[in-house]
Amino acid sequence: DAGVTQSPTHLIKTRGQQVTLRCSPISGHKSVSWYQQVLGQGPQFIFQYYEKEERGRGNFPDRFSARQFPNYSSELNVNALLLGDSALYLCASSDPGLAVEETQYFGPGTRLLVL
Amino acid sequence: EDQVTQSPEALRLQEGESSSLNCSYTVSGLRGLFWYRQDPGKGPEFLFTLYSAGEEKEKERLKATLTKKESFLHITAPKPEDSATYLCAALNFGNEKLTFGTGTRLTIIP
């Protein structure tokens, strides 16, 4: 079975530009979460979407936005990029509809470098 | 605010030398405690989910345990391929986000 896939794998942008990152969840999973991980730190929660609706939002500025499509894939958009947005962006999928299955499975990430 | 603290930050062991990694958590109502392994530049790989105090899970050389305030990841007779950063994360009943610790960077020396 295919796991969580993300694209692109690497991206270089300059300050002020906009970026779109993409994620496809595990087949059958209806929830997608996005995390930002800077070097040496644990992942920080950005958003969670379930059945195309936002279920949670972390402490990130409005420059960050996301959406989920009818096929449960998701996009994360970041506008007006800052140097501090350089990080590994992780997507995780889960199926919270299962009674006890809360586990989030992560993709390989997109490495974003802002110059 | 939910908090997860991992210790030590880094640990170097000789091959075969058993040890434990600690994860202390403060959450308003724990829904699940998760352990992940992360290799450099890659996404976290799921290891275990623990739901209630007293629960234990094992996989190969790893065993995870949970109390009301902390979790331990025990590694028995580790091999060099066990070298990685081990992340602990908590999920509470009040929201949908995983709160991660900063990880323990484990190095196993042949």
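In what follows, the accompanying structure is described. Worth saying up front: this structure is predicted, and the values here are computed from it rather than measured.

### Considerations on the environment of A:G56
Residues and elements named next belong to chain A. Looking at the element boundaries, G56 is found in strand β6 (residues 53–57). Given the relative accessible area of 13%, G56 is considered buried. Every residue in contact with G56, bar those within four places of it in the chain, is listed here: F45, I46, F47 and Q48.

### A short note on the packing of aromatic side chains
Under the defined criterion, the tally for this structure stands at 10 aromatic pairs over all chains. Judged by centre distance (6.1 Å) and plane angle (55°), the ring pair of A:F47 and A:Y49 falls under tilted. Taking relative accessible area as the criterion, A:F47 reaches 1% and is therefore assigned buried. For A:Y49, a relative accessible area of 8% puts it in the buried group. Taken together, a centroid distance of 5.3 Å and an interplanar angle of 85° make the contact between A:F106 and B:Y36 edge-to-face.

### Quick look at the sheet that holds strand β8 (residues 74–78) of chain A
All names here are of chain A. The antiparallel open sheet is built from four strands, whose spatial order is β1-β3-β8-β7. Looking at which strands have only one partner, the edges of the open sheet turn out to be β1 (5–7) and β7 (64–68). Recorded for the sheet is a direction-independent mean angle of 15° between the axes of neighbouring strands.

Rules used throughout
Residues numbered from 1 in each chain as written. Chains lettered and ligands numbered in written order. Predicted model: local features only at pLDDT ≥ 70, side-chain atom pairs only at ≥ 80, totals over all residues. Heavy atoms only, no water. Helix = DSSP H or I, 4+ residues; strand = E, 2+ residues; numbered from the N terminus. Buried < 20%, exposed > 50% of the residue type's maximum accessible area, 1.4 Å probe, protein only. Contact = heavy atoms within 4.5 Å. Phe/Tyr/Trp six-rings, centres within 6.5 Å; stacked < 30°, edge-to-face > 60°. Pairing = 2+ DSSP bridges. Axes fitted to C-alpha atoms, helices over the stretch in contact; angles between N-to-C directions.

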